[in-house]
Each structure stands twice: as C-alpha cells, then as structure tokens.
Amino acid sequence: MTTNAHQERPSRNELGRVLMSEGALSSDWAPSFAAVPRASFLPDLIWPFDMKTGQSVAVSRSAEPDLWYGYADSDVPVVTQWDDGQHTGNEPGEVSTSSASMPSVVFRMLKDLAVEPGNRVLEIGTGTGWNAALLAHRLRVENVVTVELDSVVAAEARTALNAFGLPVRVIDRDGLRGYEEGGPYDRIIATCGFRKLPFAWVEQSRPGTVIVAPWGTHYGHGDAVARLVVAGGGERATGPFTGGVEFMKARAQRLSPVVHSDYVNGSSADRDKSSTTISEDDFLGDRFSPQRFAVGLRLRDCVHVVAEKRDGELPVWFYGLTDRSWACVMFRDGDEASVWQSGPRRLWGEAEAAYRWWAEKGKPGYERFGLTVTAEGQSAWVDDPTDSWPL
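Chemist: Would you mind showing me how to read the packing of helix H9 (residues 290-298) against helix H10 (residues 347-360) here?
Modeler: The relative placement of two packed helices is expressed as an angle between their axes plus a distance between the axes. Direction vectors running N to C along H9 and H10 enclose 120°, while the axes themselves pass 9 Å from each other. Here H9 is positioned oblique relative to H10, judged by the angle of their axes. Along this stretch, H9 crosses H10, giving a crossing that reads as right-handed. Across the interface between the two elements, Pro290, Gln291, Ala294, Val295 and Arg298 from H9 touch Ala351, Ala354, Tyr355, Trp357 and Trp358 from H10.

Chemist: When you look at the nonpolar core in this model, what are you seeing that I'm missing?
Modeler: Where a protein is soluble and globular, its nonpolar side chains tend to be buried together. Formed by 57 residues in total, the largest nonpolar core has its most connected members in Leu197, Trp201, Phe241, Phe283, Phe318, Trp348 and Phe369. Looking at this core, the element that brings in the most residues is H10, giving seven residues. The contact partners of Phe283, leaving out residues within four places of it in the chain, are Tyr219, Ile278, Gln291, Val295, Phe318, Phe331, Trp348, Ala351 and Tyr355. Listed in part, the 38 residues of the second largest apolar core include Val106, Leu139, Ala154 and Val168.

Chemist: Before we go on, may I ask you to explain the layout of surface pockets in this structure?
Modeler: Where empty space is left becomes clear once a probe the size of a water molecule has been rolled over the atoms. Its volume calculated, the second largest pocket comes out at about 370 Å³. Considering the residues around the second largest pocket, the lining is formed by 20 residues, among which Phe41, Leu42, Pro43, Glu156 and Ala157 are closest to the centre. Elements with a minimum of two residues in the lining of the second largest pocket: strand S4 (78-82) and helix H6 (151-164). Considering every element that reaches the lining of the second largest pocket, the biggest residue donor is H6, with eight residues. When grouped by side-chain class, the residues that make up the lining of the second largest pocket number nine nonpolar, ten polar and one charged.

Chemist: Explain the sheet that holds strand S6 (residues 121-124) here, please?
Modeler: Hydrogen bonds along the backbone pair up the strands of a sheet, which may run parallel or antiparallel. What the ten strands build is an open sheet, ordered S8-S7-S6-S9-S10-S11-S12-S18-S19-S20; its pairing is mixed. At either margin of the open sheet sits one strand with a lone partner, and together these are strand S8 (169-172) and strand S20 (388-390). Across the sheet, the mean angle separating the axes of adjacent strands is 20° when strand polarity is ignored. Strand direction decides the pairing type here: strand S18 (residues 369-374) and strand S19 (residues 377-382), joined by six bridges, are antiparallel. Opposite Thr374, over in S19, you have Gly377 as the bridge partner.

Rules used in this analysis
Residues numbered from 1 in each chain as written. Predicted model: local features only at pLDDT ≥ 70, side-chain atom pairs only at ≥ 80, totals over all residues. Heavy atoms only, no water. Axes fitted to C-alpha atoms, helices over the stretch in contact; angles between N-to-C directions. Helix = DSSP H or I, 4+ residues; strand = E, 2+ residues; numbered from the N terminus. Parallel < 35°, antiparallel > 145°, perpendicular 65-115°, else oblique. Left-handed = near helix turned anticlockwise from the far one by under 90°. Contact = heavy atoms within 4.5 Å. Core = buried A, V, L, I, M, F, W, Y, C linked by side-chain atoms within 4.5 Å. Buried < 20%, exposed > 50% of the residue type's maximum accessible area, 1.4 Å probe, protein only. 1 Å grid on protein atoms, 1.4 Å probe; cavity = no way out; pocket = protein on both sides within 12 Å on 5 of 7 lines; lining within 4 Å. Points joined across faces, edges and corners; volume = space filled by probe spheres on them. Nonpolar A, V, L, I, M, F, W, Y, C, P; charged D, E, K, R; others polar. Pairing = 2+ DSSP bridges.

In structure tokens form, the structure reads like this:
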C-alpha cells in the first residue's frame, strides 16, 4: 500500500481529532482514516465548497498546493466533476455530478454500515474511489466491489485505487442494477442520493444484510440516510433513517428543473388567495430540519422551492409534478403569511396538512421515520414499520 509524507500533515491529524470528538469517526475506523488519505484520491483540479462564502471554488494542486491540501484535509465536500463531464475550464459548472463527500458524512455512514471481518460489500457510486479504499483497507480488497455509471469517473477511480495499492474491482454499470455476479453481499452502501431504492439490491443480499443509502423525495434536494436490514428470505428490507444529508442524485432519478413560467402566468383569475398562521421558522426550520423531510413524505409528486428573502418577505413555491397545480406562500416577518393556489390540487393545503400531521406526531426527528422496500415498491412509517403508507 502506498504511503507518503502527506499522510502526516498537521491539518490531516487535526481533521481526525475533530471527527473523533464529534462522534463521526469511530475508533474501529480510525486506522483506516489514518492509512487512507482523501488527498490520494482527488484530482489536481478540485472545487471544494467554501463554508465562508457558500460557493464552490476552483483550486489546483499544481498551482496552490498548500491551499489544495488544506481543503483535502477539511470537513467540506469537494466537487470533482460538473455537468456529467461536459464541463470545461476552471469556473464551476451548472450541476455538480461527482464529488468527494464531507469526511464526517463518509465516516458516519461507514459507522452505520457496521461492517464485520469477512463481510462482502457492494458500493454503489465509486466517485473518487476513497470510500472503496477505506472499505478495502478495513475488509481486504477481495471483499469489496464498487459500481460506477460514468466510465470516465470509473477509470480515474480505478487508476487511483491501483496507484494507492488497493486495487478494488471497479465495475462500469448502472448501480440501480447492483452487481449480481459479485453477490450475495453482507453490506451494501450507496454514495449518491436515491428517490427509489432498487429491489435488485435486496435480491443480491443475504438475510440480515445492512443497506445504507441516502434517500429522499422530489419535494426537495435533501436526503436522509436510510439504514435498512434485509429480512427473512429476502422479501423486504426495512429500517430507520439516521440523519439528514444532501447528496448528488443518481442520474437515472434526477429531476429536471421546474420551469416557473410553465405553471404561473400573468392572470390572477384562476388563483385563490388565503392566509396561514404557520410561521416561516416553524414550517421551514433550517436546511436539515426534519419537518421538511416529513412534509416530503406526505406531500407526493410535488417540488418546493424557497426563494430569496427580501425586505422581510420570503416566498416559498410549490409545483405539482403530475399537473400544473401550483401554490405560493409569502411569509412576512411579524405578520400573517399570504397564500395563493391554482390548479386541480391545492398544494399549500396539502403542505399545511402534512406539517400539522408532523406536529401532531410529536415533531419526530429523522430517527423515528423509516423506510421499507419490497418487490412491489416503497413505503414509509413513523415508529412502527407495520403502520406504513406507500410512496
């Protein structure tokens, strides 16, 4: 296995201390963190997310090595590809399509996976190859197989893994199909966001297999980490969520951007106006508040978009995915919010009902929600898997 002086960088050691103190890096994964640096799997040109500016910035290792390694050793996500590889130049592209996740997220998900010696693991979404390398260091190379849809990304990861001395088998294919030839698996982990988990993964698992994957609804871009266990003879996988995250979506399940003008025209004749007593803070919370996730579980076939707040007013738009229904709630500081709705569905009415349902349930966090996957589809639940509803 390749080693180099960069593994002993003070910034890297500090990152390890921070991850341990925050509970992200468990003691059983600490040796792999120490032995397998993220920097060994990043390309020369990266676009880390700058927490101060809220923007992705281009950094070249050859031009700015200290800054490059500083970001590599920071708990920030790092974009490594834009626009499915069609992007050129140093400026950020339109849509980030491959990345190295925040180390804290990586190790929390690996902790959720609860690997044991000898486990055979399937990874969906190779990306840079760092996650596969961590698994291979812990479990041995022959026990890990990773699948990547993008052939260029797969080739770069394969090169990095081989150069590092952990030649994990990288398969070029759609991860929705899994990789039956390498199964059955004891653990499956996905490193991209899904809106529907494929039953093929369950079919390629042993009874008791743990599946860890970011999952969410089209209501918003956010995800939550689902930790499912394959039950019985492999007829289903079910389990709770462990926390909110945000991942790039599996390409086959990405939603095309909503075009506002397709829904809203200049006429006000076909829209209803009302008001709501729900406040901005109560309805939205922060970026990873559980109420957004909860509303998405109940409000099907709908996208919401939070616009920019100006002069104390914040518009939140709702767009139907099966028709041209739309709604807008205008939250105002210190005043009651106004609501406009149009179309066959009353989307704000549905959103408000979903929020009040969450409140009546005691405002559950992610860990009280769960997901069940069967050959027939998906269902969600709160507290009790037997009391679920279809998604």
